[in-house]
Amino acid sequence: MSATSRIAPPGGGLDAFPAPSRATTVRRIVWLAIALVAVLALPWFVYPPVAMDIAAWALFAMSVDLLLGYGGLLSFGHAAFWGSSAYFTGWIASHLGLPFPVAILLGALAAMVLAVPIGLLSVRRSGIYFAMVTLAFAQMIYFVANQASVVTGGENGLQGVPKTFFGIEAIETESFYFYYAAIPIIIFGAFACWRIVHSPFGRVLSGIRDNPARVRALGYDVERYKLIAFVLSAGIAGLAGGVFAISHGFVSLQEVDWTTSGKVVLMTVLGGMGTLWGGAIGAAIIVLLEDYLASAGFDGIGIITGAIFVVIVLLFRKGVWGTVAGLVERMRGRRTGKEGGR
């Protein structure tokens, strides 16, 4: 039975979405606990600013995966929301002096507001047309950011963004302590992604990805679901962009450039689409690799990351996490089959 055939028409109630088995629930809790421990331990093993970059890009990749892996919508313009939130967060923190968690939340809200008109004009398209429309809007945001130099700093960027946090000096000056003050925002965004995916809304979104005509025939407003997913994805990307801006204390045009959208899509595909955790793994691989190559003085970072992308596409069609998860499932299935045959 396909994913779409399990979708009940509106009004069918939550009973149409079967609850996960006890074993599945326990497995999810175990994986969530492992992920939480890894996130909390990361700055002990990785330079704290790099660890913060991994966390921010991981959440950004998860927001893209929410749209691409579960909604089947490839956005080449998500840098518009990451970057606009970064600018908005940086401006608020610099000019209003608000604590950075408040500035980040307001930046994410601004990204969601921006996503509404862009989404209304984009979700009626699909495939390459959707990707091109989102790219066009992102380039418009880039042009605005470049021209509005009074607010954004133009080519010089928005500099001196403070890490204001209720006057706690250790957090405001030490990257190690800042990581633990900012990581709850990343965890909140990741949990939001996970909750969306494992909800009735997420089931319908997956059905739209697999067979939009069938979902529409069942009575669902496909465009409305796509728009909601688009806005939610933009808000989560905005959270990541705000954390990135505060962490670096600087926002540049690079944050709204199309190459940023391409980079996060690379992370999502590298880790595995439709897995959520794959995006985090892809982000960790790319950020650590870039940091290592930059430290070694290697200039052709794009050549290496591009080569890795080609290898993953050719040999690991489901990405790193998707391939490993598939192997584990097959091994579990064989073991269950052998035990059943005894």
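Preceding this paragraph is the structure being described.
**Some details on the pattern of salt bridges**
Two side chains with opposite charge may pair up if their charged atoms get near one another.
And step 1. On inspection of all chains with the given rule, the structure shows three salt bridges.
And step 2. Across the pair Asp210 and Arg209 runs a salt bridge, and its minimum N-O distance is 3.0 Å.

**Let's talk about the packing of helix α4 (residues 100-122) against helix α8 (residues 175-197)**
And step 1. Orientation of α4 relative to α8, taken along the N-to-C sense of each, is 35°, at an axis distance of 11 Å. Classified by chirality, the crossing of α8 by α4 is right-handed. Contacts from Phe100, Pro101 and Ile104 in α4 reach Phe178, Ala181, Ala182 and Ile185 in α8.
And step 2. Its residues placed into classes, the contact of α4 with α8 shows seven nonpolar, no polar and no charged.

**A short note on the nonpolar core**
And step 1. In terms of nonpolar packing, the biggest core is built from 91 residues, with Met52, Trp57, Phe60, Phe81, Phe100 and Phe230 touching the most fellow members.
And step 2. No other element matches the 16 residues that helix α2 (residues 48-68) contributes to this core.
And step 3. Excluding residues within four positions of it along the chain, Phe100 makes contact with Lys163, Thr164, Phe165, Ile171, Phe178, Ala181, Ala182, Ile185 and Ile246.

**Remarks on α4**
Since the α-helix turns once every 3.6 residues, residues separated by three or four places project in the same direction.
And step 1. Its 23 residues place the ends of α4 32 Å apart at the C-alpha level, agreeing with the 33 Å of an ideal helix rising 1.5 Å per residue.
And step 2. Where α4 bends most, at Val116, the angle is about 30°, and the proline Pro117 comes one to four residues later.
And step 3. By the burial criterion, the buried members of α4 are Phe100, Pro101, Ala103, Ile104, Gly107, Ala108, Ala111, Ala115, Ile118, Gly119 and Ser122.
And step 4. Buried residues along α4 sit in contact with α3 (79-95), α5 (127-147), α7 (169-173), α8 and α11 (222-248).

**Describing the layout of surface pockets**
And step 1. Of the volumes computed, that of the second largest pocket is approximately 710 Å³.
And step 2. Elements with a minimum of two residues in the lining of the second largest pocket: α1 (22-45), α2, α8 and α13 (277-295).
And step 3. Element by element, the count of residues in the lining of the second largest pocket is highest for α1, at eight residues.
And step 4. Of the residues that constitute the lining of the second largest pocket, the class distribution is 26 nonpolar, no polar and no charged.

**A closer look at the environment of Asp210**
And step 1. As for its placement among the helices and strands, Asp210 is situated in helix α9 (residues 200-210).
And step 2. Of the residues examined, Asp210 reaches a relative accessible area of 43% and is grouped as partly exposed.

The rules we used
Here the residue numbers are simple positions, counted from 1 along each chain's written sequence. This being a predicted model, a pLDDT of at least 70 is required before a residue's local features are given, and a value of 80 or more before pairs of side-chain atoms are given or counted; all residues contribute to the totals for chains, interfaces and linings. Only hydrogens and water are set aside; all other atoms, that is, all heavy atoms of the structure, feed into the side-chain values. Only one rule defines a salt bridge in this text: a Lys or Arg side-chain nitrogen within 4 Å of an Asp or Glu carboxyl oxygen. As a rule, the C-alpha atoms of each element are fitted with a line to give its axis, helices using only the stretch in contact, and angles between N-to-C directions run from 0 to 180 degrees. Each helix corresponds to a stretch of at least 4 residues labelled H or I by DSSP, and each strand to a stretch of at least 2 residues labelled E; elements are numbered beginning at the N terminus. The handedness criterion is simple: a crossing whose near helix is rotated anticlockwise from the far helix by less than a right angle is left-handed, and one whose near helix is rotated clockwise is right-handed. Whether two residues are in contact is decided by their heavy atoms, any of which lying within 4.5 Å being enough. Any residue that is not Ala, Val, Leu, Ile, Met, Phe, Trp, Tyr, Cys, Pro, Asp, Glu, Lys or Arg is counted as polar, Gly included; the first ten are nonpolar and the last four charged. Here, nonpolar core refers to any group of buried Ala, Val, Leu, Ile, Met, Phe, Trp, Tyr and Cys residues whose side-chain atoms link them within 4.5 Å. Residue burial is assigned from relative accessible area. The probe radius is 1.4 Å, only protein chains are included, and a residue is buried under 20% of its type maximum, exposed over 50%, and partly exposed in between. The span you would expect from a helix comes to 1.5 Å times its residue count less one. Two axes enter the bend calculation: one fitted to the seven residues ending at the residue in question, the other to the seven starting there, and the bend is the angle between them. Grid spacing is 1 Å over the protein atoms alone, the probe is 1.4 Å, and a cavity is where that probe fits but cannot get out, while a pocket is an open set with protein on both sides within 12 Å along at least five of seven lines and lining residues have an atom within 4 Å of a point. Grid points are joined across faces, edges and corners, and a volume is the space filled by probe spheres set on the points.

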